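Take a look at the letters that make up each chain.
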Amino acid sequence: MSAAAPPPALPITFRPTRTRAVLMTVGVAVVIVLTAVGLLLESLTPGEKASFIVTGLLFFGVLALFCRPKVVAEADGVTVVNLTTTRRLEWAEVLRVNLRPGDPWVYLDLADGTSLPAMGIQPGIAKARAISDARALRALAERHGTGGADGARD
C-alpha cells in the first residue's frame, strides 16, 4: 500500500456486491423454477406442490444468509457482520488487517491475541475489489487504531 493513499471517508460499508448479486439471482431463479415445476406438474398433490415452493424459499433463505456479511467502519470503531454473528470492535482492538494469497476473506488480528474473520471483504469473484477494500480498511485501522503498518500484508 502506498503511504500517500489517504483512508476513505467514514462511515463506509464493505461488502461483496458481485457475490451478493450472483447469490440473489440464483436464489430468485431457483424459487421461480421450483414454483413453476410444483404448479405445472398436474400429478402432484397440493401438499407436494407446496413442498416444491417451500424448498425454493428455504434455498433462497440460505443464499440470503450468505449475502449477510459486511464490514462497517465508523469513526468510533468497526462492526463485523458474518453469517450468523455480529461483533463490534473499537479501533484500538484491531491490530492488523490481513488478506494473504489464498485467504477466503480478510482476517483482523485483535489486541486480545485472537483473529476475527471479516467475511464482508472476500476475493471470490472480485479479487481486485477485495484487495482495494482490504487496503482501505487497513488504512483506517492504522489511522484510528494502535496497529502498525508493518503487519499489513496482501
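Above: the structure in question.
Residues numbered from 1 in each chain as written. Predicted model: local features only at pLDDT ≥ 70, side-chain atom pairs only at ≥ 80, totals over all residues. Heavy atoms only, no water.

Colleague: Would you mind going over the pattern of salt bridges in detail, with residue names and values included?
Modeller: Scanning the model with the defined rule gives 6 salt bridges in all. Residue Arg88 pairs with Glu74 through a salt bridge whose shortest N-O separation is 3.3 Å. Here Arg88 is found in strand E4 (residues 86-89), whereas its partner Glu74 is found in strand E2 (residues 70-74), with 14 residues between them in sequence. By relative accessible area, which is 33% here, Arg88 ends up partly exposed. Between Asp109 and Arg96 there is a salt bridge whose closest N-O contact spans 3.5 Å. Placement of the pair is Asp109 in strand E6 (residues 106-110) and Arg96 in strand E5 (residues 94-98), with a sequence separation of 13 residues. Classification of Arg96 as partly exposed rests on a relative accessible area of 31%. Through salt bridges with shared partners, a single network forms among Glu74, Asp76 and Arg88. (Salt bridge = Lys/Arg side-chain N within 4 Å of Asp/Glu carboxyl O. Helix = DSSP H or I, 4+ residues; strand = E, 2+ residues; numbered from the N terminus. Buried < 20%, exposed > 50% of the residue type's maximum accessible area, 1.4 Å probe, protein only.)

Colleague: Which residues make up a nonpolar patch on the surface, and what values do they have?
Modeller: A surface patch of nonpolar side chains, about 330 Å² in accessible area, is lined by Val22, Val26, Phe59 and Ile125. Looking at the secondary structure, you find Ile125 in the loop between strand E7 (115-118) and helix H3 (127-144). (Patch = residues over 30% accessible without salt bridge, like charges linked within 9 Å, V, L, I, M, F, W, Y side chains within 5 Å. Areas by Shrake-Rupley, 256 points an atom, 1.4 Å probe, with all protein chains shown as cover.)

Colleague: Hey, could you go over the sheet that holds E5 for me, with residue numbers and the actual values?
Modeller: As summarised here, the arrangement of the 3 strands in space is E5-E6-E7, forming an open sheet in which the pairing is antiparallel. If you trace the sheet from one side to the other, it starts and ends with E5 and E7, each paired once. In this sheet, neighbouring strand axes are inclined to one another by 25° on average, regardless of whether the strands run parallel or antiparallel. Looking at chain direction, E6 and E7 are connected through 4 bridges and run antiparallel. (Pairing = 2+ DSSP bridges. Axes fitted to C-alpha atoms, helices over the stretch in contact; angles between N-to-C directions.)

Colleague: Explain the nonpolar core to me, and be specific about the residues and the numbers.
Modeller: With 22 residues, the main nonpolar core has Leu89, Val94, Val106, Leu108, Ile121 and Leu137 as its most contacted residues. Elements that contribute at least two residues to this core include exactly E2, strand E3 (77-81), E5, E6, E7 and H3. Considering every element that reaches this core, the biggest residue donor is H3, with 6 residues. Aside from chain neighbours lying at most four places away, what touches Val106 is Val97, Asn98, Leu99, Leu116, Pro117, Ala118, Ile121 and Ala134. (Core = buried A, V, L, I, M, F, W, Y, C linked by side-chain atoms within 4.5 Å. Contact = heavy atoms within 4.5 Å.)

Colleague: Break down unusual backbone geometry for me, citing the residues and quoting the values.
Modeller: Glycine aside, the phi torsion of most residues is negative, and most peptide linkages are trans. Here the amide bond leading from Leu10 into Pro11 is cis, since omega sits at -5°, within 30 degrees of zero. Tracing the chain through its elements places Pro11 in the segment before strand E1 (12-14).

Colleague: Tell me about the environment of Ser43, and name the residues and values.
Modeller: Among the secondary structure elements, Ser43 is positioned in the loop between helix H1 (17-40) and helix H2 (46-66). Spatially, the C-alpha atom of Ser43 lies 63 Å from that of Ala92, the residues being 49 residues apart in sequence.

Colleague: Describe H1, naming the residues involved and giving the relevant values.
Modeller: Given 3.6 residues per turn, any residue in an α-helix points the same way as the ones three and four places further on. With 24 residues, H1 extends 34 Å from end C-alpha to end C-alpha; this agrees with the ideal 34 Å at 1.5 Å per step. Among all positions of H1, only Thr19, Leu23, Gly27, Val31 and Gly38 are buried. (Expected span 1.5 Å × (residues − 1).)

Colleague: Just give me the short version of the sheet that holds E1, but keep the residues and values in it.
Modeller: Strand order in the open sheet formed by 4 strands is E1-E2-E3-E4, and the pairing between neighbours is antiparallel. Each edge of the sheet is formed by a strand with only one pairing partner; in this case those strands are E1 and E4. The average angle at which neighbouring strand axes cross in this sheet is 15°, direction not considered. Taken together, the 5 bridges between E2 and E3 define a ladder with antiparallel strand orientation. What sits directly across from Ala73, in E3, is Val78.

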